[in-house]
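# Inside the fold
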Amino acid sequence: MDLQPLKLRVIVYTPEKEAREGWLTYSIEGPRITLEDGIVYLSSNFPNDMNFTIPATSLREFQIPLTEYEKVEFVSRSIVKTYSSSPTLQNEMYPKSTEQWVTYLSEYGINALFVTHPLAESSRYLLIIIEIESGHLLSAIKINSYELGLLFMKRDWDIYAEIFSEINPSIRKSIISELLDSSPPDWSEMASLVKGVNVPNLAIGKSMRESMDQLVPKSFPANVREELMAFLALITKQEIPNEDPLVISSKYRTTPLLSTLIFHHIHCLIMGEQPPQYVRLFIMADRGTLRTGMQPTVEASERNPWSVAWIQLTNMVPNRRGRIFNLLSNLDPEREIITRLPVFQKEAAESRTKWADRFALILYNSSIRGHVQNQKIGLRTLIYVGSAHRWPHRHLAWTARLGNPNEKPPYIQVMVMPQSAAERVRRVRRNISEELWSTMTANFGLYNNETQKWKANTTRILQSISSKRTLKQLGREFNVKTDDNIRIPSLEEAKLLGFFSRGMYLSSLEEGNYDKYLGLNQERLTDVISNLMSSGIIHPQYFIHMLGLVSLCTIAKGPALNIQSLSRSFLKHTPSTTVRLMNGGNESIILSRMPEDAAYEISTKLPSLSNDELEVKIMVNAYAAYTLNLYERLLLPDGTWDDDITGFLSQIRR
């Protein structure tokens, strides 16, 4: 439905080079200009050379930062984003955003239309932000070209939402209404929910909605509160279901938070463990008394009470990982690629143990993944560690913050581009390194099923700095092919590579959720993975999310043989590690997931053992990833790689 349009008086320079008066309005379909004689121009089918100016009276009335002589091109791009009128985030982008508009982007708020127009004879853009519901102008700002990426580049989370979110929102409403509009709980059920916490003036309402409303803090976002209330209503009568786990997962797809919590709760019932005291945890988070540990948050996550509660909940999942590790360890991707859950629906229906295995495989997000060897497809990987040029651009794969934002921490940025572009970047920025060799590992054998804890062999890691290892030895041990055979992937393969590098959920593969987005059915998907594997481009492995670990970034510089030995040790003796060697092997960036005590020991002892040649950064505490469509967006129609790096270079202040 169209907005109630903001009307701007404009002087239009038509394709016939005539200056005509008209009105500029905005809708979901984009901007339109209506001349006084009724002729309408739509941005979706405009002539490329059409532009307009805004008279001084309109500029003053709507506080638009232009002069009446500045021409604005009618061509535009628009997108709907969530806008918060009260900025809760500090602007971590550098160079700084114009008028700090980035701080108004939020996970929670009102839906707003963001429209960008190029300014004629300028490299800058006019950004118009309009509230969709009312049509009111929220802001008009001049922005730099490098600021566009943050608006229009798809984060991995955006793409996941496109694939896994339900198109029909009425299904979500129906599920929640069924739970919250039902009869209220009795006092025994209510007492079980509030165990361990005092809720003032606790009462039984006329419905589940009224009763649950007093148990979820008002500080939580509205959509989160609704699903939490529905979850509390559900667990008052929840028992272990008889349905196939994949059916349960599909049923609640439109309510992702509710779905996750239901799975965690059922898992507690299966394992015979007491579920968390949910209401107590919510209220402690609201009061600021809940400790979350060292688990990193997703990019720019607002430090609100719900964020804290959610992190704690994810660390309280009962443990069936040992069993799952055994199941996945028995799969050999070198012999057979499995693109479904390894426990079949029929097996689960005939055995409660198999049902629990299938359930846990979904709960722990079991996946298949593979590290992409970019040099094998004609690309180079660049790594930058510092605080500058943090705006996303086409060649950015991912970025992570290494420390507390209040202390101006460095960021690590990983960029992927063809050789010609990589050379230009390195000429401009000497402190950007090119990757020589890389791989990643997952070591399920480091999980102790009796103690239900991970371990890391810190002694071997600390000793390894005095040992030596050649690059050829690393290649043989970790099956990384470094020959010069290069094969540019097809568009079909490029689409898959981004998803495969991040990991593809086996449950979603079985359901066919990726099929439409990738254009690949299961049979074809298996063939493409096998072909990429035989070319040495990827090395498949099965994986699950590793909860209860911290992220450690180790930046090592020194003699190549010692640095390579240290890198190998991290790959062998931590639960999960990605290594990137640079500068002839004399430098390595090692990103690891490990227990907190192991991370502390390594971060305090390793620098002194290496004569202070190592820099250890603990707490990778925020990240942003643009990997899922990385190779697809870089592959041009003519089969070459995009080498236009202006999105990066425009951020550099000379």
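Shown above is the structure to which this text applies.
The paragraphs below set out a description of the structure included in this document. Numbers given to residues run from 1 along each chain, matching the order in which its sequence is written. Under the rules for a predicted model, residues below a pLDDT of 70 receive no local features and side-chain atom pairs below 80 are neither given nor counted, while totals for whole chains, interfaces and linings still include all residues. The basis for the side-chain values is all heavy atoms of the structure; hydrogens and waters are excluded.

### Here we look at the pattern of salt bridges
Just so we agree on the cut-off: Salt bridge, as used here: a side-chain nitrogen of Lys or Arg that lies within 4 Å of a carboxyl oxygen of Asp or Glu. Only DSSP runs of H or I with at least four residues qualify as helices, and only runs of E with at least two residues qualify as strands; both kinds are numbered from the N terminus onward. Relative accessibility under 20% of the residue-type maximum defines a buried residue, over 50% an exposed one, and the middle range a partly exposed one, all with a 1.4 Å probe and only protein chains included.
One pass over the structure, following the stated rule, counts 27 salt bridges. With a closest N to O distance of 3.5 Å, R209 and D181 form a salt bridge. Of this pair, R209 sits in helix 6 (residues 208–213) while D181 sits in the loop between helix 4 (169–180) and helix 5 (187–193), and the two are 28 residues apart along the sequence. Judged by its relative accessible area of 29%, R209 falls in the partly exposed class. When the shortest N-O distance is used, the salt bridge between D213 and K218 registers 3.4 Å. Of the residues examined, D213 reaches a relative accessible area of 28% and is grouped as partly exposed. Linked through salt bridges whose partners overlap, the residues forming this network are R172, D181, R209, E226 and E227.

### Some remarks on the packing of aromatic side chains
Test applied: By convention, a stacked pair of Phe, Tyr or Trp rings (six-membered ring in the case of Trp) has centres within 6.5 Å and planes under 30 degrees apart, an edge-to-face pair has planes over 60 apart, and any other such pair is tilted. Throughout this description, the term charge over a ring refers to an Arg CZ or Lys NZ atom that lies within 6 Å of the ring centre and within 35 degrees of the ring normal.
Counted according to the given criterion, the structure contains 19 aromatic pairs. Here the aromatic rings of F325 and F444 are separated by 4.5 Å at their centres, their planes lie at 15°, and the arrangement is stacked. Here the residue F325 occupies a position in helix 12 (residues 321–329), and F444 occupies one in the loop between strand 15 (433–442) and strand 16 (447–448), the gap between them amounting to 119 residues. An identical accessibility class is assigned to F325 and F444; each is buried. Connected via pairs of aromatic rings, a cluster forms that spans F220, F282, W306 and W310. Above the face of the F152 ring, R77 is positioned so that its terminal group lies 4.0 Å from the ring centre. When the ring centre of F543 is taken as reference, the NZ or CZ atom of R369 above it lies at 3.7 Å.

### Quick look at the pairing of strand 3 (residues 30–35)
In the case of a regular strand, side chains alternate between the two sheet surfaces. Which entries qualify depends on this criterion: If DSSP finds at least two bridges between two strands, the strands pair.
The pairing of strand 2 (residues 19–27) with strand 3 spans six bridges and is antiparallel. Its bridge partner lying in strand 3, W23 is registered against T34. Of the strand pairs in this sheet, strand 3 and strand 4 (residues 40–42) are connected by three bridges, and their pairing is antiparallel. Pairing of R32 across the sheet is with L42, part of strand 4. Taking the residues between adjacent antiparallel strands as the criterion, strand 3 and strand 4 are bridged by four residues, where G38 takes a positive phi near 95°.

### Here's the deal with the nonpolar core
The criterion, for reference: Among the buried residues, those of types Ala, Val, Leu, Ile, Met, Phe, Trp, Tyr and Cys that are joined through side-chain atoms within 4.5 Å form a nonpolar core. Two residues qualify as a contact provided that any one of their heavy atoms is within 4.5 Å of a heavy atom in the partner residue.
L232, F282, M504 and Y631 are the most contacted members of the largest nonpolar core, which totals 116 residues. In contact with L232, not counting residues within four places along its chain, are L193, M212, L215, V216, Y278, V279 and F282. Membership of the second largest hydrophobic core comes to 33 residues, among which are V102, A112, Y384 and A422.

### Quick notes on the packing of helix 18 (residues 491–502) against helix 21 (residues 522–534)
Put simply, the test is: The convention used is that axes are lines fitted to C-alpha atoms, helices contributing only their stretch in contact, and that angles between N-to-C directions extend from 0 to 180 degrees. The cut-offs work like this: below 35 degrees is roughly parallel, past 145 is roughly antiparallel, 65 to 115 is roughly perpendicular, and the gaps in between are oblique. Only Asp, Glu, Lys and Arg are considered charged in this grouping, and only Ala, Val, Leu, Ile, Met, Phe, Trp, Tyr, Cys and Pro are considered nonpolar; every other residue, Gly among them, is considered polar.
It is the contact of helix 18 with helix 21, at a shortest axis distance of 11 Å, that shows an interaxial angle of 85°. Put simply, helix 18 runs roughly perpendicular to helix 21. Side by side, helix 18 and helix 21 meet where E492, E493, L496, L497 and F500 of the first sit next to R524, L525, V528, I529 and L532 of the second. In the contact of helix 18 with helix 21, the residues fall into seven nonpolar, no polar and three charged.

### Here's the deal with the packing of helix 7 (residues 222–235) against helix 9 (residues 256–271)
In plain terms, the rule: Helix crossings fall into two classes, left-handed where the near helix is turned counterclockwise from the far one by less than a right angle and right-handed where it is turned clockwise.
Between helix 7 and helix 9, the least distance of the axes is 9 Å, while the angle of their chain directions is 35°. Considering only the axes of helix 7 and helix 9, their crossing is right-handed. For the pair formed by helix 7 and helix 9, the contact residues are V224, E227, L228, A230, F231, L234 and I235 on the first element and P256, L257, L258, L261, I262 and H265 on the second. Along the lines of polarity and charge, the residues of the contact of helix 7 with helix 9 split into 11 nonpolar, one polar and one charged.

### Quick look at the side chain of T439
Tracing the sequence through the fold places T439 in strand 15. The exposure class assigned to T439 is buried, which follows from its relative accessible area of 6%. Look past the residues within four positions of T439 in its chain and what remains in contact with it is H371, F478, V480, L571, T577, T578 and V579.

### Some details on the sheet that holds strand 8 (residues 110–118)
Spatially, 7-8-9-10 is the arrangement adopted by the four strands of the open sheet, whose pairing is antiparallel. Looking at which strands have only one partner, the edges of the open sheet turn out to be strand 7 (77–83) and strand 10 (137–143). Adjacent strand axes in the sheet meet at a mean angle of 25°, parallel and antiparallel pairs treated alike. Where strand 7 lies against strand 8, seven bridges are found, and the strand directions are antiparallel. Following the sheet pairing, Y83 is matched in strand 8 by I110.

Read these as layout, nothing more, since geometry by itself doesn't imply function.
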